[in-house]
Amino acid sequence: MSSVIQWLKGANFAIYACHFLASWSGRMWMFSLGVFFISIAPGSLQLSAAYGLANGASVLLFGTVVGDWVDRTPRLKAALASMIMQYSFVICCACVVLVFLFLSSEKSGVDGDLKKTFYGIITVLSVLSRLMKIGRVIVIERDWIVEIARSKNTALSVMTSTFRRIDLVTKILAPIISGAILSYAGLKPGCVFIAGWTLVSIFIECFLIRRVYNIVPVLNEKKNSTIYTGASVNIKPEFENTQETRKELLSTTNDNDKDKISYTIEDERPPESWSPVRLLANFIIIYKTFRTYFSYDVKWAGLALAALYMTVLGFDGVTIGYATTQGLSESLLGILMGVGAAFGICATFAYPYIVKRLGLARTGVLALGMQVTCLTLCVISVFLPGSPFDLSYSGEDKNQTSSHNCSSAMNETSDYSSTTMVNTSCVSPDDEVAKSMISIYVMMTGIVTARFGLWTADLTIIQLFLERVKTSERGVVNGFQSSLNQLMDFLKYAIVASIPFAHQFGLLVFISFSFICTGWSLMVVYCVKNWRKSQKALRY
């Protein structure tokens, strides 16, 4: 009993509780936001599309800038500021939606420029909230848990898998709760509840963040060029940012390392005030971050992770829309999503044991290999009875064009946030395929079972970045990784927009499968290079 009480008072429980509240609030807000968009603009997907495009563009352009801000800001200040700003934007957005709903209920309604103004405000606030969420994730999930694991002698794999398990549990439960509130109480009370819940969460999470910061002394230390290696920590000497130290350091360093040391010294400078010149300088950071990112061997694993974003073989809007056209009900899709999340939860339990047996690099190769094996079912399903795959069909044919009533839908993804477009009602009644559901059942089986390998690979690659990236560069490197992931998401969006019909979905399956295989190949490259490096170290 005393050990349980001691654990409840410790840093691990506080950080887990903080992450649970953050994940729960985030899941509730994202689900409610989709409902709000549809209610605000009924019959139109303009607001959803605008949010998706603005959200993707902002992460692509400013993900690295947010990461650099995290690196230059003290840990506690960065954690509290990102959390408070994220929730403040959510509360403001919920209040704006509430005002819009009240005005819309009046006889005069909301029309013209005023409606567009509301659309713009809601979109901007939502995007700002997403950017602050990225900063929060980098602070807590990419920096703090590494220091906690190091100072408390806690296995990092256990902490990362627990974080992911919390995400998956809230992914199942939070939409159910928020959906029930919006359905039975209504949209207006739902806005009030979201705003109230978020406001309460601010105070609770502030308390938990400060508690973790006070319990773990290492979080009070200045960030340095530290690499966490699990069993040991290699610390390179810190140099104060003085002209004398810089000259002395550069005079004793070869030409190949001068640029790197110069950047390290600049990185130690105190934060400067924000100004137009400073904002312009932040874009120069993107180039420096590019060089920093590709200086690490772990870049191969990061590229493998980015490749996983270029796929429609997941529970996102594209695949859900396609499955609906093939006859699967929304309730069955909901059950399948729950089963997929259960596979992911199983992966979080198995992950620490697999890493202990195989090591990180080989765990990543195994996980992606399992994903490729499971998704092979999706490739096979394209050729099974019931599949609408038919490249001989021409959408320009008059008769066939008239028989197709295709409506494009922009849907927000579940696993990897983006906005993608697919025609969800592009099945011709004249070309209605046989009643067989074999094709779609086999495809969904592959997608569901692949969740185990996907989340295991995700945990592996995240831990590789946590362990191999220097403390002083975690922000910019993880920010660049977020931008890289978003770039691949944009590529998926472009490909789906160019071939959006159900009879062309097989092409999307082939392209997605090829990118997953590419990700596995990149992980193999990292594993081989890591093995050669270890063998070379043993010789000397």
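Residues numbered from 1 in each chain as written. Predicted model: local features only at pLDDT ≥ 70, side-chain atom pairs only at ≥ 80, totals over all residues. Heavy atoms only, no water.

As a rule of thumb, soluble globular proteins bury nonpolar side chains together. Residues Met 443, Met 444, Phe 505, Val 509 and Met 523 are the most contacted members of the largest nonpolar core, which totals 67 residues. At the level of secondary structure, the elements contributing two or more residues to this core comprise helix 11 (299-307), helix 12 (317-325), helix 13 (330-358), helix 14 (360-381), helix 16 (438-468), helix 17 (474-498) and helix 18 (505-539). What Met 444 contacts, discounting residues up to four positions off in sequence, is Phe 315, Ala 323, Leu 328, Leu 333 and Leu 336. Ranked by size, the runner-up nonpolar core spans 66 residues in total, among them Leu 33, Phe 37, Leu 80 and Ile 462. (Core = buried A, V, L, I, M, F, W, Y, C linked by side-chain atoms within 4.5 Å. Buried < 20%, exposed > 50% of the residue type's maximum accessible area, 1.4 Å probe, protein only. Helix = DSSP H or I, 4+ residues; strand = E, 2+ residues; numbered from the N terminus. Contact = heavy atoms within 4.5 Å.)

Take Thr 170: it is sitting in helix 6 (residues 156-184). The exposure class of Thr 170 is buried, given its relative accessible area of 0%. Of the polar contacts made by the side chain of Thr 170, one reaches the side chain of Ser 23; its length is 2.7 Å. (Polar contact = N/O pair within 3.5 Å; in protein donor to acceptor, adjacent residues only side chain to side chain.)

Moving on, we come to the packing of helix 4 (residues 75-105) against helix 7 (residues 187-215). Where helix 4 contacts helix 7, the axes come no closer than 9 Å and their chain directions differ by 170°. Of the possible angle classes, the one that applies to helix 4 and helix 7 is roughly antiparallel. Of the residues assigned to the contact of helix 4 with helix 7, the class counts are 23 nonpolar, three polar and four charged. (Axes fitted to C-alpha atoms, helices over the stretch in contact; angles between N-to-C directions. Parallel < 35°, antiparallel > 145°, perpendicular 65-115°, else oblique. Nonpolar A, V, L, I, M, F, W, Y, C, P; charged D, E, K, R; others polar.)

The description of an aromatic ring pair rests on the distance of the ring centres and on the angle between the ring planes. For the structure shown, the criterion picks out 16 aromatic pairs. Judged by centre distance (3.9 Å) and plane angle (10°), the ring pair of Tyr 322 and Phe 505 falls under stacked. Linking Tyr 322 in helix 12 with Phe 505 in helix 18, this pair joins segments that are 183 residues apart in sequence. Across the ring face of Phe 349, the terminal group of Arg 165 is positioned such that the distance to the ring centre comes to 3.8 Å. (Phe/Tyr/Trp six-rings, centres within 6.5 Å; stacked < 30°, edge-to-face > 60°. Lys NZ or Arg CZ within 6 Å of the ring centre and 35° of its normal.)

Throughout the structure, instances matching the rule amount to seven salt bridges. The residue Asp 68 makes a salt bridge to Arg 72 at a minimum N-O spacing of 3.1 Å. Of this pair, Asp 68 and Arg 72 both sit in helix 3 (residues 46-72), four residues apart, which is roughly one turn of the helix. Considered together, Asp 68 and Arg 72 belong to a single accessibility category, that of buried residues. Across the pair Asp 143 and Arg 75 runs a salt bridge, and its minimum N-O distance is 2.8 Å. One end of the pair, Asp 143, is in helix 5 (residues 112-151); the other, Arg 75, is in helix 4, and 68 residues separate them in sequence. Classification of Asp 143 as buried rests on a relative accessible area of 4%. Connected through salt bridges with shared partners, the residues Arg 75, Asp 143 and Glu 147 form a single ionic network. (Salt bridge = Lys/Arg side-chain N within 4 Å of Asp/Glu carboxyl O.)

Take helix 6 next. Along its 29 residues, helix 6 runs 42 Å from first to last C-alpha, staying within 8% of the 42 Å computed at 1.5 Å per residue. At Thr 170, helix 6 shows its maximal kink, close to 30°. Looking at the residues trailing helix 6, positive phi occurs at Gly 186, about 105°. (Expected span 1.5 Å × (residues − 1). Bend = angle between axes of the 7 residues up to and from the residue.)

The next subject is the environment of Gly 196. Among the structural elements, Gly 196 can be located in helix 7. You can call Gly 196 partly exposed: its relative accessible area is 33%. The spacing of Gly 196 and Ala 94 is 102 residues in sequence and 9.8 Å in space, taken between C-alpha atoms.

What follows concerns the confidence of the model for the chain. The share of residues in the chain with pLDDT of 70 or more is 74%, and the mean pLDDT across the chain is 76. Considering each helix and strand of the chain separately, the mean pLDDT is smallest for strand 2 (residues 233-235), with a value of 34, and largest for helix 14, with 94. Predicted confidence for residues 230-250 stays below pLDDT 50, and this span has 32 contacts to residues more than four positions away or in other chains. Below pLDDT 50 for its whole length, residues 395-434 participates in 100 contacts with residues either more than four positions away or in separate chains. (pLDDT = per-residue confidence, 0-100.)

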